[in-house]
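Listed below, chain by chain, are the residues.
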Amino acid sequence: GAGVSQSPSNKVTEKGKDVELRCDPISGHTALYWYRQSLGQGLEFLIYFQGNSAPDKSGLPSDRFSAERTGGSVSTLTIQRTQQEDSAVYLCASSPQGRRTEAFFGQGTRLTVV
Amino acid sequence: DQQVKQNSPSLSVQEGRISILNCDYTNSMFDYFLWYKKYPAEGPTFLISISSIKDKNEDGRFTVFLNKSAKHLSLHIVPSQPGDSAVYFCAASPGGTSYGKLTFGQGTILTVHP
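Residues numbered from 1 in each chain as written. Chains lettered and ligands numbered in written order. Predicted model: local features only at pLDDT ≥ 70, side-chain atom pairs only at ≥ 80, totals over all residues. Heavy atoms only, no water.

## What about the packing of aromatic side chains?
So, point 1. Considering all chains together, one arrives at 13 aromatic pairs over all chains under this definition.
So, point 2. Each ring, one from Phe105(A) and one from Phe104(B), has its centre 6.2 Å from the other, and the planes form 75°; the classification is edge-to-face. With Phe105(A) in strand S10 (residues 104-105) and Phe104(B) in strand S10 (residues 103-104), the pair connects residues from two separate chains. Across this residue pair, the class does not change: Phe105(A) and Phe104(B) are buried.
So, point 3. Through pairs of rings, three or more aromatic residues link up here, namely Tyr33(A), Tyr35(A), Phe45(A), Tyr48(A), Phe105(A), Tyr36(B), Phe46(B), Phe89(B) and Phe104(B). (Phe/Tyr/Trp six-rings, centres within 6.5 Å; stacked < 30°, edge-to-face > 60°. Helix = DSSP H or I, 4+ residues; strand = E, 2+ residues; numbered from the N terminus. Buried < 20%, exposed > 50% of the residue type's maximum accessible area, 1.4 Å probe, protein only.)

Laid out in structure tokens, this is it:
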């Protein structure tokens, strides 16, 4: 399809393990965003990329969280030493150059840390 | 500190009537506002946006109103349809290099009854 694709759609991991979440943005979109939604909460900004650089990383909750984007396309969000409070739906979005913040979201990755 | 607030967790409306969803913000640096709709197990879908230089933007059945002095925006859906039943999020973006950092409200669950 032509939309934002995230994988896996569901991930169950044991506390203390590392996880990687992948996002394939819409082709040609220069901006890429990561958000998360915890149970009963609104969407929380994590990080965004313009091309391969990340102008704003202020939303990353701790140094266990990191993200990279290569080739101006695919992005990976890595959570090290997962904790139960990391359980959430992690959403990726992308937007085209010049359309500022009209972001198109993927279906999300539901992460459960047990 | 909740910078974007949707004070009504839910709204119930009869089909054909008007739905009005409200949103308040506190950060005067926000200069671009958006509404997203979200169905269960899907990512949010962009609906409509408004720049702070305007006070109204209309797209079909959807109209967004912005009152900067009151730091308040609202989404009007006329006429409401059962397919509009979803969670609605308002979001705000600052200008400058942090434009990609959307701050979302908690969401309002809209139910449109046939």
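After that view of the structure, there is still more to cover.
## Side note on the pattern of salt bridges
So, point 1. Inspection of every chain in the model, using the stated rule, returns 4 salt bridges over all chains.
So, point 2. Among the ionic pairs, Asp86(A) bridges to Arg64(A), the shortest N-O distance being 2.8 Å. Of this pair, Asp86(A) sits in the loop between strand S8 (75-79) and strand S9 (88-95) while Arg64(A) sits in the loop between strand S6 (53-56) and strand S7 (65-69); the two residues are 22 residues apart in sequence, bridging distant segments of the chain.
So, point 3. A residue is classified by how much of its surface remains accessible, and Asp86(A), at 2% relative accessible area, is buried.
So, point 4. Here Arg61(B) makes a salt bridge to Asp84(B), at a shortest N to O gap of 2.8 Å. Residue Arg61(B) is located in the loop between strand S6 (56-59) and strand S7 (62-67), and its partner Asp84(B) is located in the loop between strand S8 (72-77) and strand S9 (86-94); the two are separated by 23 residues in the primary sequence.
So, point 5. By relative accessible area, which is 22% here, Arg61(B) ends up partly exposed. (Salt bridge = Lys/Arg side-chain N within 4 Å of Asp/Glu carboxyl O.)

## A closer look at the sheet that holds S7(A)
Residues and elements named next belong to chain A.
So, point 1. Pairing in this open sheet of 4 strands is antiparallel, and the strands run S1-S3-S8-S7 from one edge to the other. The sheet is open, and its two edges are formed by strand S1 (5-7) and S7, each paired on a single side. Between one strand axis and the next, the sheet turns through 15° on average, direction left out of account.
So, point 2. The pairing of S7 with S8 spans 5 bridges and is classified as antiparallel. What sits directly across from Glu-68, in S8, is Thr-76. (Pairing = 2+ DSSP bridges. Axes fitted to C-alpha atoms, helices over the stretch in contact; angles between N-to-C directions.)

## Here we look at the sheet that holds strand S3 (residues 19-25) of chain B
All names here are of chain B.
So, point 1. With antiparallel pairing, the 5 strands of this open sheet are ordered in space as S1-S3-S8-S7-S6. Of all the strands in the sheet, just strand S1 (4-5) and S6 have a single pairing partner and so form its edges.
So, point 2. By the bridge criterion, 2 bridges tie S1 to S3 in an arrangement that is antiparallel. For Lys-5, the partnering residue across the bridge sits in S3 and is Asp-24.

## What about the interface of chain A and chain B?
So, point 1. Across the boundary between the two partners, chain A contributes 20 residues, which contact 23 residues of chain B.
So, point 2. Of the roughly 1800 Å² buried at the junction of chain A and chain B (both faces included), carbon and sulfur atoms supply 55%.
So, point 3. Linking chain A with chain B are 0 salt bridges, by the criterion used here.
So, point 4. Linking chain A with chain B are 4 residue pairs in polar contact (both at pLDDT 80 or more), by the criterion used here.
So, point 5. Elements with a minimum of two residues in the side of chain A that touches chain B: strand S4 (31-37), strand S5 (43-50) and S6 of chain A.
So, point 6. The greatest single-element share of the side of chain A that touches chain B, amounting to 4 residues, is contributed by S5(A).
So, point 7. Of the residues contributing to the side of chain A that touches chain B, the split by class is 9 nonpolar, 8 polar and 3 charged. (Contact = heavy atoms within 4.5 Å. Buried area = accessible area lost by both parts, 1.4 Å probe. Polar contact = N/O pair within 3.5 Å; in protein donor to acceptor, adjacent residues only side chain to side chain. Nonpolar A, V, L, I, M, F, W, Y, C, P; charged D, E, K, R; others polar.)

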